[in-house]
Amino acid sequence: MLNTEHILPQDKALATALFYGVLDRKITIDYVLSNFMIRSVSKTDPITITALRLAVYQIMYMDRIPPSAAVNESVELVKKSPERYNAAFTNGVLRNILRQGVELPEISTPKTISIVFSCPLPIVEGFITDYGMQNALAILESSLEAPPVTVRVNTLKTNANELREILSKENVA
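From a predicted model like this one, the values you see are computed outputs, not experimental measurements.

## Things to note about the pattern of salt bridges
And step 1. Throughout the structure, instances matching the rule amount to three salt bridges.
And step 2. R53 is paired through a salt bridge with D30; the nearest N and O atoms lie 2.7 Å apart. Of the two residues, R53 sits in helix α3 (residues 46-61) while D30 sits in helix α2 (residues 26-34), which places them 23 residues apart along the sequence.
And step 3. Assessed through its relative accessible area of 14%, D30 is described here as buried.
And step 4. Of the charged contacts, one joins E76 and K79 as a salt bridge, the two residues approaching to 3.5 Å between their closest N and O atoms. Placement of the pair is E76 and K79 together in helix α4 (residues 67-79), with a separation of three residues, close to one helical turn.

Structure below.
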């Protein structure tokens, strides 16, 4: 779907960042949503919960997108879907999040660690058992950092020296 020529590269990058960001932070996002919704996250219609997750991810983790724009786009997604009857609900939940702000629990138990680091509870418990609390926290913290950018030479097309020259001409260190 993202391989069409009609999508701008920056839009592809944003869609990819949103997709993987929501997956990476789903436990945390669902915790936040559960604090602002009467109905269960698991019982919310699929398009609606996806739109809510996208907006919460943008509000919490993306500083280039204004929160009001994240809310508006998610509400518009729901309005244009078969779940349009959930547009006011989506708007209300997201506006309440903006008004009241997001507060994550203090790190004190495996459950709160799971929420803060968006890691399944059995994995958190395994890390604590195997590595101790401090090392487990360090592992979980590093798991949410952006991975380093790496380059690998396709030796069928070029060699390391030629690639260095090409990248140097493009001002890539």
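## Considerations on unusual backbone geometry
And step 1. Phi angles above zero are rare outside glycine, and S118 is one such case at about 50°.
And step 2. Among the secondary structure elements, S118 is positioned in the loop between α6 (110-117) and α7 (121-131).
And step 3. A residue is classified by how much of its surface remains accessible, and S118, at 11% relative accessible area, is buried.
And step 4. In this structure, N171 takes a positive phi of about 60° despite not being glycine.
And step 5. Turning to its location among the elements, N171 is positioned in the segment after α9 (160-169).

## What about the layout of surface pockets?
And step 1. In this structure, the largest pocket spans a volume of roughly 650 Å³.
And step 2. A15, L18, F19, L54 and L77 are the residues nearest the centre of the largest pocket, which is lined by 22 residues in total.
And step 3. Within the residue set of the lining of the largest pocket, elements represented by two or more residues are α1 (9-24), α3 and α4.
And step 4. In terms of residue count, α1 provides more of the lining of the largest pocket than any other element does, eight residues in total.

## As for the nonpolar core
As a rule of thumb, nonpolar side chains are buried together in soluble globular proteins.
And step 1. The biggest cluster of nonpolar side chains holds 25 residues, and the ones touching the most others in it are L33, L52, V56, V93, L94 and I97.
And step 2. Where this core is concerned, the elements lending two or more residues are α1, α2, α3, α4 and α5 (87-100).
And step 3. Ranked by residues supplied to this core, first place goes to α3 with seven residues.
And step 4. In contact with V56, not counting residues within four places along its chain, are I29, V32, L33, L94 and I97.
And step 5. Within the second largest apolar cluster, seven residues are counted, among which are V116, F117, C119 and V124.

## Some remarks on α6
And step 1. For α6, a buried count of six out of eight residues is recorded, marking the element as mostly surrounded by other parts of the structure.
And step 2. Among all positions in α6, only T112, I113, S114, I115, V116 and F117 are buried.
And step 3. Check the buried side of α6 and you find it contacts α2, α7 and α8 (133-143).

What counts and what doesn't
- Residues numbered from 1 in each chain as written.
- Predicted model: local features only at pLDDT ≥ 70, side-chain atom pairs only at ≥ 80, totals over all residues.
- Heavy atoms only, no water.
- Salt bridge = Lys/Arg side-chain N within 4 Å of Asp/Glu carboxyl O.
- Helix = DSSP H or I, 4+ residues; strand = E, 2+ residues; numbered from the N terminus.
- Buried < 20%, exposed > 50% of the residue type's maximum accessible area, 1.4 Å probe, protein only.
- 1 Å grid on protein atoms, 1.4 Å probe; cavity = no way out; pocket = protein on both sides within 12 Å on 5 of 7 lines; lining within 4 Å.
- Points joined across faces, edges and corners; volume = space filled by probe spheres on them.
- Core = buried A, V, L, I, M, F, W, Y, C linked by side-chain atoms within 4.5 Å.
- Contact = heavy atoms within 4.5 Å.

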